[in-house]
Amino acid sequence: MYDKDNVFAKIIRGEIPCNKVCENDFALSFYDVNPMFSKHVLIIPKGEYENILDFAKNAAPEQQAGFWQCFVQTADALGIDANFNIMANAGADAAFIKQSVFHFHLHLVAGQRRPELHHLLDEICE
Ligand code: AMP
């Protein structure tokens, strides 16, 4: 069940700050507080969706359109038009990277790895 007190719900309600990149009626993007790459932004819908499957199944068409519009505007704002990755972790026991905030978010990452993460990312990417 969706937890209304998760950190991204608090950001949407303005209860805690974020370093915002883009916003529209349906979505918001902001810099990850613990970036893995020189460009690392999270894109979230404003509606209450726990993960990407919940969002894809249950969000209304205008919410989905608004979300992807925010994604495009975020990529534009960061100067990203190639050479990037998108990640959507789903579930506390996800096989690859586990979800830690249970409000759907896309990670948009590009640019240089943070040096202290070289070792970790080499292992993951092998
Ligand atoms: P995950 O749920 O594993 O896909 O990742 C959640 C991401 O949210 C992590 O990369 C965190 O660094 C990031 N994060 C957690 N709290 C905040 C916050 N207050 N502002 C920005 N990013 C956050």
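Details of the structure are given in the entry above.
Residues numbered from 1 in each chain as written. Predicted model: local features only at pLDDT ≥ 70, side-chain atom pairs only at ≥ 80, totals over all residues. Heavy atoms only, no water.

## Details of the pattern of salt bridges
Here the structure, examined in full by the defined rule, presents five salt bridges. Residues K4 and E48 are paired through a salt bridge, measuring 2.8 Å at the closest nitrogen-oxygen approach. Of the two residues, K4 sits in the segment before α1 (7–12) while E48 sits in the loop between β3 (37–45) and α2 (52–58), which places them 44 residues apart along the sequence. Overall, the relative accessible area of 47% leaves K4 in the partly exposed class. The exposure class of E48 is partly exposed, given its relative accessible area of 41%. Across the pair K20 and E23 runs a salt bridge, and its minimum N-O distance is 2.4 Å. Given a relative accessible area of 46%, K20 falls into the partly exposed group. Overlapping salt bridges, with partners in common, bring together D5, R13 and E15 in one network. (Salt bridge = Lys/Arg side-chain N within 4 Å of Asp/Glu carboxyl O. Helix = DSSP H or I, 4+ residues; strand = E, 2+ residues; numbered from the N terminus. Buried < 20%, exposed > 50% of the residue type's maximum accessible area, 1.4 Å probe, protein only.)

## Section: the environment of V21
Take V21: it is sitting in strand β1 (residues 20–23). Judged by relative accessible area, V21 falls into the partly exposed class, the value being 21%. Along the sequence, V21 and A77 sit 56 residues apart, while their C-alpha atoms lie 7.3 Å from each other. When near neighbours in sequence (up to four residues on either side) are disregarded, V21 contacts S29, F30, Y31, V41, T74, A77 and L78. (Contact = heavy atoms within 4.5 Å.)

## Points about the nonpolar core
Counting 17 residues, the largest nonpolar core has I43, F55, F67, I80, F104 and L108 as the members making the most contacts within it. Secondary-structure elements contributing two or more residues to this core are β3, α3 (61–77) and β5 (106–113). For this core, the element with the highest residue contribution is α3, accounting for four residues. Apart from the residues within four sequence positions on either side, I80 is in contact with K39, A75, L108 and A110. Ranked by size, the runner-up nonpolar core spans seven residues in total, among them L28, F30, I44 and V101. (Core = buried A, V, L, I, M, F, W, Y, C linked by side-chain atoms within 4.5 Å.)

## A word on the site of the ligand
Around the ligand, a shell composed of 16 residues is seen, among which D32, N89, S100, H105 and H107 lie nearest. At a separation of 3.0 Å, an oxygen atom of the ligand approaches a polar backbone atom of V101. The fraction of the free accessible surface of the ligand (510 Å²) that becomes covered by protein chains is 81%. Secondary-structure elements contributing two or more residues to the shell around the ligand are α1 and β2 (27–31). It is α1 that contributes the most residues to the shell around the ligand, three residues altogether. Across the shell around the ligand, the residue classes tally to eight nonpolar, six polar and two charged. (Near = heavy atom within 4 Å. Polar contact = N/O pair within 3.5 Å; in protein donor to acceptor, adjacent residues only side chain to side chain. Areas by Shrake-Rupley, 256 points an atom, 1.4 Å probe, with all protein chains shown as cover. Nonpolar A, V, L, I, M, F, W, Y, C, P; charged D, E, K, R; others polar.)

## Notes on the sheet that holds β5
Pairing is antiparallel across the open sheet formed by five strands, whose spatial order is β1-β2-β3-β5-β4. The sheet terminates laterally at β1 and β4 (84–87), the two strands that pair on one side only. Taking the axes of each pair of neighbouring strands and ignoring which way they run, one obtains an average angle of 20 degrees across the sheet. Bridge count between β3 and β5: six bridges; the pairing is antiparallel. Directly across from L42, in β5, lies its bridge partner H107. (Pairing = 2+ DSSP bridges. Axes fitted to C-alpha atoms, helices over the stretch in contact; angles between N-to-C directions.)

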